[in-house]
Amino acid sequence: MPRTARDVVFVDGVRTPFGKAGPKGLYAETRADDMVVRAIRELMRRNPSLPPERVDEVAIAATTQTGDQGLTIGRSAAVLAGLPKSVPGYAVDRMCAGAMTAVTTTGAGISFGSYDVAIAGGVEHMGRHPMGEGIDPNPRFLADKLVDPSALVMGSTAENLHDRFPQITKERADAYAVRSQQKVADAYAAGKIQPDLVPTAIRSGEKGWGLATEDEPPRPGTTLEDLAKLKTPFRVHGNVTAGNAAGLNDGATACLMVAEDVAAELGLTPKMRLIDFSFAGVEPEVMGVGPVPATEKLLARNSLTMDDIGLIEINEAFAVQVLAFLEHFKIADDDPRVNQWGGAIAFGHPLASSGVRLMNQLSRQFEERTDVRYGLTTMCVGMGMGGTVLWENVNWEGAK
């Protein structure tokens, strides 16, 4: 019998505070799987009307799937979180877009009717597992000139973007980064970020046990003068610095994706509706431009233009990557639709987990902006890809 697609909603999302990677970071002595377990447990605690046995799937992303981020982490995290043994799970890897892919894949399964309820998210402990740990790139990538050597170094791909878009200067990238830091500071001061955060137990060899309650990477008060002094590690006299790029970070995210009719049955309150998604490939050496074709495909397929989009959450792997997206769509650098509460340059970017952070923030902005119908979450992806998800505000006043 033919199946009819069902509407899919994002009910809730949580995350651990993000930490700095390394021996002095928040999570230096915390396991990656324990971080994502904490997020899953909090998601279930916040939604008590959801019987645990109604969860049909747990999809968790990690870029470096080894050690405490291995062992099919979706399944192992589900077991560790105390979900019934009947609940299956799996691991996802699409580098930075891992959690985004976990959401779109489970969302597609729900729409098709294979699932009613799924948990999707991601985790990255870059302090324990640096990006690229244990990989063995095929020598044909370079020998057959399939990619430029710079494609394997994310910072170098950002420098390549500056070459492609010479109008995006270092000064312009630094100015964007300063605004991101200020937006995050303002959002924290207004209490916008704290509702997403799960207080997470941490242990320091010097201080003993503690509790992570806020993001560690933000640098409030950052100025253009501060950023102008930073080194350009990827190119002599380059443009990319630690100040206009996301850092190396640890963190975990999780969200609840549900069929809209099942959400109503279970008394779950949706925050936004999944409309469509698109992934696209670009030259790996300019991977930061990936969100452009992904977004173009998505808008065209849904007969929309950027004028129809009221809110945009774009992952700030590098300032130049965001600015290239804005430049293409003729959006001003300081357009109020874009990253209202700041982005990864300040929050941090624990690779595979970041997609759900974008969704968390968009969903809460939708709650405040009933005049906005559509929003995007979009990000670039290593090895030359981009991903974009189109969401509809369930509280849009035009539907009433």
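It should be emphasised that the depicted structure is a prediction, and the values quoted were computed from it without experimental measurement.

What counts as what
- Residues numbered from 1 in each chain as written.
- Predicted model: local features only at pLDDT ≥ 70, side-chain atom pairs only at ≥ 80, totals over all residues.
- Heavy atoms only, no water.
- Phe/Tyr/Trp six-rings, centres within 6.5 Å; stacked < 30°, edge-to-face > 60°.
- Helix = DSSP H or I, 4+ residues; strand = E, 2+ residues; numbered from the N terminus.
- Buried < 20%, exposed > 50% of the residue type's maximum accessible area, 1.4 Å probe, protein only.
- Lys NZ or Arg CZ within 6 Å of the ring centre and 35° of its normal.
- UniProt positions renumbered as here; feature names shortened; annotations may be inferred.
- Contact = heavy atoms within 4.5 Å.
- Patch = residues over 30% accessible without salt bridge, like charges linked within 9 Å, V, L, I, M, F, W, Y side chains within 5 Å.
- Areas by Shrake-Rupley, 256 points an atom, 1.4 Å probe, with all protein chains shown as cover.
- Salt bridge = Lys/Arg side-chain N within 4 Å of Asp/Glu carboxyl O.
- Core = buried A, V, L, I, M, F, W, Y, C linked by side-chain atoms within 4.5 Å.
- Arc of directions from axis to C-beta.
- Polar contact = N/O pair within 3.5 Å; in protein donor to acceptor, adjacent residues only side chain to side chain.

Under the defined criterion, the tally for this structure stands at 3 aromatic pairs. Ring centres 5.9 Å apart and planes at 80° place the aromatic pair F10 and W391 in the edge-to-face group. Of this pair, F10 sits in strand β1 (residues 8-15) while W391 sits in strand β12 (residues 385-393), placing them 381 residues apart in sequence. Of the two residues, F10 and W391, both sit in the buried class. Lying over the aromatic face of F18, R15 brings its terminal NZ or CZ to 4.4 Å of the ring centre. Between the NZ or CZ atom of R15 and the centre of the ring of F347, over which it lies, the distance is 5.4 Å.

The UniProt record annotates "active site" (unreviewed entry) at C96, H349 and C380. For this annotated set, covering 285 residues, all C-alpha atoms fall within 11.9 Å of each other, a compact arrangement in space. By relative accessible area, which is 6% here, C96 ends up buried. Those residues in contact with C96, other than ones at most four positions away along the chain, are T63, H349, L351, A352, M379, C380 and V381. Residue class for C380 comes out buried when judged on its relative accessible area of 1%.

Further remarks concern a nonpolar patch on the surface. Taken together, the side chains of L152, V153 and F234 define a hydrophobic patch exposed on the protein surface, amounting to about 230 Å² of accessible area. Tracing the backbone shows F234 in the loop between α7 (224-228) and β8 (249-259). Given the relative accessible area of 37%, F234 is considered partly exposed.

Of all hydrophobic cores here, the largest spans 73 residues; its most connected members are I119 and W391. With 8 residues, helix α1 (residues 32-46) is the largest single contributor of residues to this core. Apart from residues lying up to four places away in sequence, I119 is in contact with I40, L43, M44, V55, E57, V58, A59, L83, A254, C255 and L256.

If you check which residues of helix α9 (residues 291-301) are buried, you get P291, V292, A294, T295, L298 and L299. Down the axis of α9, the sector holding all buried residues measures 165°, keeping them to one side. Where the residues of α9 are buried, they touch β9 (272-281), β10 (309-314), α10 (319-328), β11 (374-381) and β12. Looking one or two places after α9, you find S303, whose phi comes out positive at around 55°.

Bringing the side chain of D215 into the picture now. When you line up the elements, D215 lands in the loop between β7 (208-212) and α7. Here R15 takes part through its side chain, which lies 2.7 Å from a polar atom of the side chain of D215. Within the local environment of D215, its side chain forms a polar contact with the backbone nitrogen of F18, the two atoms lying 2.7 Å apart. D215 has contacts with R15, P17, F18, Y188, I193, L197 and F347, leaving out every residue within four places of it along the chain.

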